[in-house]
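Next come the chains, spelled out residue by residue.
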Amino acid sequence: MNQMITLFRREIWEHRSILAVPTVFGGLFVVAAILGVFGLVKVTMGDGQFSDYTLSELAGQVQPHQWRPGMEVLFASVATTLQMIMGVVVFFYLIDALYTERRDRSILFWKSLPVTDAQVVASKFLTGAVVIPAVTVAVFLATCVVLWLIGGLTALVAGTGAALAAGPAAMLKIAAVMVYALLVQAVWYAPLYAWLLLASAYAKRAVLLWAVLPPVGLIIAEQILFGTERFAEFLGERIVGGFALAFDHMQHGVGWDVAGEGATGFPPLAEILTPGRFLAAPETWVGLALAFILLAGAVWLRRWRDEA
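Residues numbered from 1 in each chain as written. Predicted model: local features only at pLDDT ≥ 70, side-chain atom pairs only at ≥ 80, totals over all residues. Heavy atoms only, no water.

A. Looking closely at helix H8 (residues 190-202). Under the 1.5 Å per step criterion, the end-to-end length of H8 is 18 Å for 13 residues, consistent within 8% with the ideal 18 Å. Burial analysis of H8 places 10 of its 13 residues in the buried class, which makes it a mostly covered element. Listing the buried residues of H8 in full gives Ala-190, Pro-191, Tyr-193, Ala-194, Leu-196, Leu-197, Leu-198, Ala-199, Ser-200 and Ala-201. Next to the buried residues of H8 lie helix H4 (67-103), helix H6 (117-157), helix H7 (162-188), helix H9 (207-226), helix H10 (230-246) and helix H13 (282-304). (Helix = DSSP H or I, 4+ residues; strand = E, 2+ residues; numbered from the N terminus. Expected span 1.5 Å × (residues − 1). Buried < 20%, exposed > 50% of the residue type's maximum accessible area, 1.4 Å probe, protein only. Contact = heavy atoms within 4.5 Å.)

B. The pattern of salt bridges, seen in detail. Here the structure, examined in full by the defined rule, presents 9 salt bridges. For Arg-10, the salt bridge is made with Glu-11, and the minimal N-O distance between the two is 3.8 Å. Like Arg-10, the residue Glu-11 is buried in the burial classification. Arg-277 is paired through a salt bridge with Asp-248; the nearest N and O atoms lie 3.7 Å apart. With Arg-277 in helix H12 (residues 275-280) and Asp-248 in the loop between H10 and helix H11 (269-272), this pair connects stretches of sequence that are 29 residues apart. Ionic contacts of the salt-bridge type, sharing partners, join the residues Arg-10, Glu-11, Glu-14, Glu-101, Asp-117, Lys-124, Arg-302 and Arg-303 into one network. (Salt bridge = Lys/Arg side-chain N within 4 Å of Asp/Glu carboxyl O.)

C. Spatial organisation of the nonpolar core. Among the nonpolar cores identified, the biggest contains 74 residues, and Phe-75, Phe-140 and Leu-197 are the most heavily contacted of them. For this core, the leading source of residues is H4, giving 17 residues. With near-sequence residues (within four places) excluded, Phe-75 lies in contact with Phe-140, Cys-144, Leu-147, Trp-148, Gly-167, Ala-170, Met-171 and Ile-174. (Core = buried A, V, L, I, M, F, W, Y, C linked by side-chain atoms within 4.5 Å.)

D. Representation of the packing of aromatic side chains. Inspection of every chain in the model, using the stated rule, returns 8 aromatic pairs. Here the aromatic rings of Trp-188 and Phe-278 are separated by 6.0 Å at their centres, their planes lie at 50 degrees, and the arrangement is tilted. Taken as a pair, Trp-188 in helix H7 and Phe-278 in helix H12 lie far apart in primary sequence, 90 residues in all. For the pair Trp-188 and Phe-278, one class covers both residues: buried. Geometrically, the ring pair formed by Tyr-202 and Trp-210 is edge-to-face, given 5.0 Å between the ring centres and 75 degrees between the ring planes. Among the aromatic side chains, those forming a connected cluster through ring pairs are Tyr-180, Tyr-189, Tyr-193, Phe-243 and Phe-247. Sitting over the face of the ring of Trp-13, Arg-16 holds its NZ or CZ atom 4.0 Å from the ring centroid. Over the face of the ring belonging to Trp-188 we find Arg-238, whose NZ or CZ atom lies 3.9 Å from the ring centre. (Phe/Tyr/Trp six-rings, centres within 6.5 Å; stacked < 30°, edge-to-face > 60°. Lys NZ or Arg CZ within 6 Å of the ring centre and 35° of its normal.)

E. Representation of the environment of Asp-96 within the structure. Within the secondary structure, Asp-96 is located in helix H4. A relative accessible area of 22% places Asp-96 in the partly exposed class. Setting aside residues up to four positions removed in sequence, Asp-96 forms contacts with His-15, Arg-103 and Ser-200.

F. View of the side chain of Thr-127. As for its placement among the helices and strands, Thr-127 is situated in helix H6. Here Ser-123 takes part through its backbone oxygen, which lies 2.6 Å from a polar atom of the side chain of Thr-127. For Thr-127, the contacting residues outside a window of four places in its chain are Phe-8, Glu-11, Ile-18, Tyr-93, Ile-132 and Pro-133. (Polar contact = N/O pair within 3.5 Å; in protein donor to acceptor, adjacent residues only side chain to side chain.)

See the structure below:
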C-alpha cells in the first residue's frame with residue numbers, strides 16, 4: 001500500500017496539470033461570482049424570469065423557496081464543466097504516462113527500485129481512473145463552498161438568509177451525483193483508459209497518433225471492406241452508453257424549474273440513479289475484461305520495451 005501511495009504522489013508531482021487545470025477553472029467560477037457581486041458580470045437564472053441581473057440585484061429578487069434549486073443549477077454547471085475538463089486532463093495524462101518515462105529515461109531509475117511493472121502500470125491507470133477524479137471532486141467542493149459563501153453573504157446583505165441555509169444541501173446533492181458519475185465513468189471507460197496506456201507503452205514517438213489512428217483506421221477499413229460501421233458503433237456506445245445505463249434521466253433529460261412556482265431543481269436521486277442496471281449490464285463486465293487484457297499488454301511492453 002505504501003508503494004502505491006508513493007507512486008500516486010510521483011504521478012501528481014510529475015504531472016502538475018492534475019492539480020493545476022481543475023484549480024484554474026474552479027478559480028474562474030469564483031472570479032465570475034466576485035465580478036457578479038460588483039455588477040461587472042450579469043446573471044441569468046431560470047427560464048428568463050431572472051435575466052441580466054447583478055448578483056446583488058438577483059439576491060433581492062429570488063424567493064426563499066427558489067434558492068435551493070437555483071444553487072443546484074449553479075453547482076451542477078460547475079460539476080459538469082470540471083468533469084469535461086477532467087476528461088481532457090485524463091486523456092493527455094494517460095497517453096503521456098508510460099511514453100515520457102522512456103523518453104526522458106527515468107524508467108531506468110524506476111526499474112532499479114523494488115517496484116514491479118504491474119504496480120507502475122496499475123498506479124498510472126488508477127491515477128487516471130480514480131486519483132484525478134478525486135482531485136476534481138475536491139476542487140468542486142472547494143469551489144462550491146466559496147460560491148455558496150459569496151452568494152449567501154450577498155443575499156444576507158440583501159435581507160435574506162435563505163441562500164446560506166439552502167447551500168449545503170444543494171452542494172451535497174450535486175456532489176453525490178458527481179461522485180456517482182465519476183465512478184461510472186471510471187468503470188465504463190476502463191478499456192479506453194487501458195488502450196491509451198497501451199499506446200503510451202508502445203509508441204517511441206507521436207504517441208497521440210498511435211492512440212488515435214488505429215481505431216480510426218479500423219473504422220475506415222471496415223467501411224471499405226464490409227460496408228458496415230460496427231466498430232464505430234462500439235466506440236460510440238463505449239463513450240456514452242454507460243451513462244444511459246447508470247442514469248434514468250438520460251432517457252428524457254433533466255427538468256430544471258427554478259424560476260417557476262414549483263422550483264423543483266434537480267430531480268430526487270432515487271429517480272435518476274440506476275446503479276443496479278449499470279452493474280447488471282454485460283457490457284460493463286466485458287469492458288472490464290477487455291481493460292484487463294490491454295493493461296496486461298501495457299505491463300508486458302513496459303517490461304520488455306527497449307528504452308534505447
